[in-house]
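Survey of secondary and tertiary structure
This is what each chain is made of:
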Amino acid sequence: MVGTGNSQLDMIRFLAHQPDIDWSKVDAFHLDEYVGIAADHPSSFRYWIRHNFVNRMRPRSIHYIEGDAADLDDRVQEYGRRLLAEPVDLAFVGIGENGHIAFNDPHVADFNDPAPVKRVALDDACRRQQVGEGHFPDLPSVPREAITVTCSGLFRAERWICCVPDRRKAAAVKGSLEGVVSPICPGTLVRKHPSAAVFLDAESASLLSPHYLGAGSPGQPANPLAPAGAAGR
């Protein structure tokens, strides 16, 4: 499963230069899409994946969420069935400024969601992030709804790689790695996953307790922490 957005760009660039990955054997799903935005809209996540992932990697297949489909509810159900029919080896998961993973904002996140994919309302913090990252000119331009792989859908992935750079993510990183495990901060789900690696830079890690950076939080599963992009050095 392929995450999108500014936080994933360095990782995608790194993967593009790995000669030992046979992309002709890779089938990919993407995590979320705005409702009502066309695939060729520059802020569409389908547009992002085509230009940043598919055109570079040439995977065997890519399954898109069609957020502008006329029969949207039927397409969402079909996407969920396809996702459940396949083993998921790896998910690239970012953490949003409000702690969201994919488009599971705190008010809609459910760690035991019965559906693998669903339609959600985006909260204003999430929508403001999209403006701050330059994807939309102002808040009214940001769609109010999206289709997202749910928390339980994401949890099906055998491994997670979470790249979370930037100072504006520092509070969300601290909440995700040191706060109470709860859908109130969806990013805390990373601590329940049996095989998740979290990659941070100095700014996104700036609010973490020193003991956590050194040895991990007592009583919590270990999460390897390293500067974003460290895997490429």
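Please read these numbers as outputs of a predicted model, since none were measured by experiment.

**Description of the overall build of the chain**
The helix and strand inventory of the chain stands at 7 helices and 9 strands. Expected size for 233 residues packed as a compact globule is a radius of gyration near 17 Å; at 17 Å, the chain falls within 12% of this value. The C-alpha extent of the chain, read off along each of the three principal axes, is 50 × 40 × 35 Å. Per-residue burial for the chain yields a buried fraction of 50% across its 233 residues. Accessible area for the chain stands at about 10700 Å²; split by element, carbon and sulfur atoms hold 53% of it. Mean positive and mean negative side-chain charge positions of the chain (24 and 29 charges, respectively) differ by 3 Å.

**With respect to the pattern of salt bridges**
Counted by the stated rule, this structure contains 16 salt bridges. Salt-bridge contacts for K25 lead to D22; the nearest nitrogen and oxygen are separated by 3.9 Å. Within the structure, one salt-bridge network assembled from shared partners comprises E97, E133, D166 and R168.

**Some points on helix α1 (residues 9-16)**
Taken together, the buried positions of α1 are occupied by M11, I12 and L15. The buried residues of α1 all sit within an arc of 100° when viewed along its axis, so they share a single face.

**Quick notes on the pairing of strand β7 (residues 159-164)**
With 3 bridges joining them, strand β4 (residues 90-92) and β7 adopt parallel strand pairing. Among the inter-strand pairings, L90 is bridged to a residue of β7, identified as R159. With 5 bridges joining them, β7 and strand β8 (residues 196-200) adopt parallel strand pairing. Looking across to β8, one finds that V164 is bridged to L200. In this region the chain leaves β7, passes through helix α6 (residues 170-178) and returns to the parallel neighbour β8; the handedness of that crossover is right-handed.

**Quick look at the packing of aromatic side chains**
Enumeration over the complete set of coordinates arrives at 7 aromatic pairs. Aromatic pair Y34 and F103: ring centres 5.5 Å apart, planes at 50°, arrangement tilted. In this pair, Y34 is assigned in strand β2 (residues 32-34) and F103 in the loop between β4 and β5 (117-121), connecting sequence segments 69 residues apart. Y34 gets classed as buried once you look at its relative accessible area, which sits at 0%. Accessibility expressed as a relative area gives 2% for F103, which makes it buried. Relative to F136, the ring of Y34 has its centre 5.4 Å away and its plane inclined at 85°; by these criteria the two rings are edge-to-face. Placement of the pair is Y34 in strand β2 and F136 in the loop between α4 (124-132) and β6 (145-149), with a sequence separation of 102 residues. F136 matches Y34 in its accessibility class, with the two residues each being buried. Feature note: the residues Y34, F45, F103 and F136 constitute an aromatic cluster, connected by ring pairs.

**Examining the sheet that holds β2**
Across the sheet, 3 strands lie side by side as β2-β6-β5; this open sheet has antiparallel pairing. Either end of the sheet is taken by a strand with one partner, and the two such strands are β2 and β5. Each adjacent strand pair in this sheet contributes to an overall mean axis angle of 20°, direction not counted. Summarising the sheet, β5 and β6 pair through 5 bridges and their orientation is antiparallel. For K118, the partnering residue across the bridge sits in β6 and is T148. Contacts from helix α3 (residues 72-85) reach β5 and β6, with the element oriented near 135° to β5.

**Thoughts on the confidence of the model for the chain**
Considering every residue of the chain, the mean pLDDT works out to 89; 91% of them sit at 70 or more. Every residue in residues 215-233 scores below 50 in pLDDT, and together they form 36 contacts with partners more than four places removed in sequence or on other chains.

**A short note on the nonpolar core**
Counting 36 residues, the largest nonpolar core has M1, I101, V149, L154, W160 and L200 as the members making the most contacts within it. Mapped onto this core, the elements with two or more residues apiece are α3, β6, α5 (151-155), β7, α6 and β8. Here this core takes 4 residues from α3, the largest share from any one element. Ignoring sequence-local partners within four residues, the contact set of I101 consists of V93, G94, I95, C151, L154, W160, P186, G187 and L189. Ranked by size, the runner-up nonpolar core spans 15 residues in total, among them W23, I49, V54 and C163.

Criteria and thresholds
Residues numbered from 1 in each chain as written. Predicted model: local features only at pLDDT ≥ 70, side-chain atom pairs only at ≥ 80, totals over all residues. Heavy atoms only, no water. Helix = DSSP H or I, 4+ residues; strand = E, 2+ residues; numbered from the N terminus. Rg over C-alpha atoms; globule rule 2.2 N^0.38 Å. Buried < 20%, exposed > 50% of the residue type's maximum accessible area, 1.4 Å probe, protein only. Areas by Shrake-Rupley, 256 points an atom, 1.4 Å probe, with all protein chains shown as cover. Lys, Arg positive; Asp, Glu negative; His and termini not counted. Charge placed at Lys NZ, Arg CZ, Asp CG, Glu CD. Salt bridge = Lys/Arg side-chain N within 4 Å of Asp/Glu carboxyl O. Arc of directions from axis to C-beta. Pairing = 2+ DSSP bridges. Right-handed = clockwise from strand over helix to strand, strands pointing away. Phe/Tyr/Trp six-rings, centres within 6.5 Å; stacked < 30°, edge-to-face > 60°. Axes fitted to C-alpha atoms, helices over the stretch in contact; angles between N-to-C directions. Contact = heavy atoms within 4.5 Å. pLDDT = per-residue confidence, 0-100. Core = buried A, V, L, I, M, F, W, Y, C linked by side-chain atoms within 4.5 Å.

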